Amino acid sequence: MNSGLVQKIENLKKEKNAVILAHYYVKDEVQEIADYIGDSYYLAKTAKNVEADTIVFCGVSFMCESAKILNPDKTVLTPDPDADCPMAHMVPEGRIEEMRARYDDLAVVCYVNSDIELKCKSDVCVTSSNAVKIVKALPNKNIFFIPDENLGRYVAEQAPEKNVILNDGFCPRHKAITARQVCDEKQKHPDALVLAHPECTKDVLALADYIGSTAGIIAYAKQSDEKEFIVCTEHGVSYRLRKDNPDKAFYFGEPCPICVNMKKNTLEKILEVLETGKNAVEVDEETRLKALKPLDRMLELAK
Ligand code: 13P
Ligand code: SF4
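The rules we used
Residues numbered from 1 in each chain as written. Chains lettered and ligands numbered in written order. Predicted model: local features only at pLDDT ≥ 70, side-chain atom pairs only at ≥ 80, totals over all residues. Heavy atoms only, no water. Helix = DSSP H or I, 4+ residues; strand = E, 2+ residues; numbered from the N terminus. Salt bridge = Lys/Arg side-chain N within 4 Å of Asp/Glu carboxyl O. Buried < 20%, exposed > 50% of the residue type's maximum accessible area, 1.4 Å probe, protein only. Contact = heavy atoms within 4.5 Å. Polar contact = N/O pair within 3.5 Å; in protein donor to acceptor, adjacent residues only side chain to side chain. Near = heavy atom within 4 Å. Areas by Shrake-Rupley, 256 points an atom, 1.4 Å probe, with all protein chains shown as cover. 1 Å grid on protein atoms, 1.4 Å probe; cavity = no way out; pocket = protein on both sides within 12 Å on 5 of 7 lines; lining within 4 Å. Sits in = over half its atoms within 2 Å of the grid points. Nonpolar A, V, L, I, M, F, W, Y, C, P; charged D, E, K, R; others polar. Pairing = 2+ DSSP bridges. Right-handed = clockwise from strand over helix to strand, strands pointing away.

A. The arrangement of unusual backbone geometry in detail. Cis peptide bonds are those with omega within 30 degrees of zero, and the linkage from Ile-146 to Pro-147 qualifies with -20 degrees. Along the chain, Pro-147 falls in the loop between strand 7 (142-146) and helix 8 (149-158). Following Glu-254, the chain continues into Pro-255 via a peptide bond in cis, with omega recorded as -5 degrees. The residue Pro-255 is located in the loop between strand 12 (249-251) and helix 14 (267-276) in this model.

Written as structure tokens, this is what we have:
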């Protein structure tokens, strides 16, 4: 770790009354200097309640955007505006309108991994840690779940009383984890439990001993008496897993799942945005208010 760089960041944080929020998938050295680290749900809640003047958000674009929507008086700085989640745009133009025309009683449920236009057209947002709870709590029978097909299918299985219509969006990183890879790891480590993120395919989820968000996986591994785990999600979670459980082993399979977008957050870019104030997230007020509704509804229903 570059201690000179870290010291400069710490000084600027104090000077600018700034805090660093980071997702579990960012580089170890960024998690090391972050004030708040968590999954998407925790980060959205934290962004809404932060009192500092400036939030440096180390994640991907939809997370930075959500922070600005939820807490518009703060300056939200993104270390790299090109750190985008491809899944966030995977709903074909006109599809939501088509579904609304087909069903009177439709709730459009939008995974937070979505761009602001999709949120504006949705009834409620969810994250992987609260999607089942929120879908179950909705009065609607018909649910159009966007953009992630795998999370949508998992929710549909957990809420069989609902008619969940799926959209074919996906996370390229989680989709690339195959059941074959998990079985290979199982052969090498027969006693290991399989912990999987619900963005994984149904074949991978069928092999899982536990399915949950990044925070869920981290909490599960910590409380478990088992010593070995095959982890089916992005490799960044290993930082916290190793820290919390020095006596346990975590295997990520081959090839190791890396989200290139999350890794675009570097110490150098954090320093640069703190020094210059560049890459401030801007959202026009009319759009913000539209996108705020489903996000606020999520925070309310997830309580
Ligand atoms: P979590 O909500 O579990 O942190 O997941 C976010 C994400 O981008 C998963 O790929
Ligand atoms: Fe998007 Fe997948 Fe990266 Fe998560 S891991 S931010 S879903 S590309």
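Here the narrative resumes, following the displayed structure.
B. How the structure looks around the pattern of salt bridges. The tally for this structure, following the rule as stated, stands at 19 salt bridges. Across the salt bridge formed by Arg-95 and Glu-98, the nearest N and O atoms sit 3.3 Å from each other. You can see Arg-95 and its partner Glu-98 sitting in helix 5 (residues 95-102), three residues apart, about one turn around the helix. Measuring nitrogen to oxygen at the nearest pair gives 3.4 Å for the salt bridge that ties Glu-149 to Arg-153. Separated by four residues within a single helix, Glu-149 and Arg-153 lie in helix 8, roughly one turn from each other. Within the structure, one salt-bridge network assembled from shared partners comprises Glu-10, Lys-13 and Asp-35.

C. Structural context of helix 8. Within helix 8, the full set of buried residues consists of Asn-150, Leu-151, Gly-152, Arg-153, Tyr-154 and Val-155. Buried residues along helix 8 sit against strand 5 (106-111), helix 7 (131-137), strand 7, strand 8 (163-166), helix 11 (202-205) and strand 10 (210-211). Structurally, the start of helix 8 carries an N-cap: the backbone nitrogen of Asn-150 is 3.3 Å from a side-chain oxygen of Asp-148.

D. Region of the structure containing the site of ligand 1. The environment of ligand 1 is made up of His-23, Tyr-25, Asp-39, Ser-40, Tyr-111, Asn-113, Ser-128, His-174, His-197, Glu-199, Ser-213 and Thr-214. Taking Ser-40, its side chain carries an N or O atom lying 2.7 Å from an oxygen atom of ligand 1. Side-chain polar atom of Asn-113 to an oxygen atom of ligand 1: 3.1 Å apart, as the coordinates give it. The fraction of the free accessible surface of ligand 1 (300 Å²) that becomes covered by protein chains is 96%.

E. Highlighting the site of ligand 2. What surrounds ligand 2 is the set Tyr-25, Val-60, Cys-85, Pro-86, Asn-113, Cys-171, Glu-199, Cys-259 and Met-262. Its atoms largely coinciding with the cavity grid, ligand 2 occupies the largest pocket. Here the residues of the shell around ligand 2 are counted per class, giving seven nonpolar, one polar and one charged.

F. Spatial organisation of the pairing of strand 8. Sheet analysis places strand 7 next to strand 8, joined by four bridges and oriented parallel. In the strand pairing of strand 8, Phe-145 is matched with Leu-166. Regarding the hand of the β-α-β motif, the stretch spanning strand 7, helix 8 and strand 8 is right-handed.

By themselves these figures say nothing about function.
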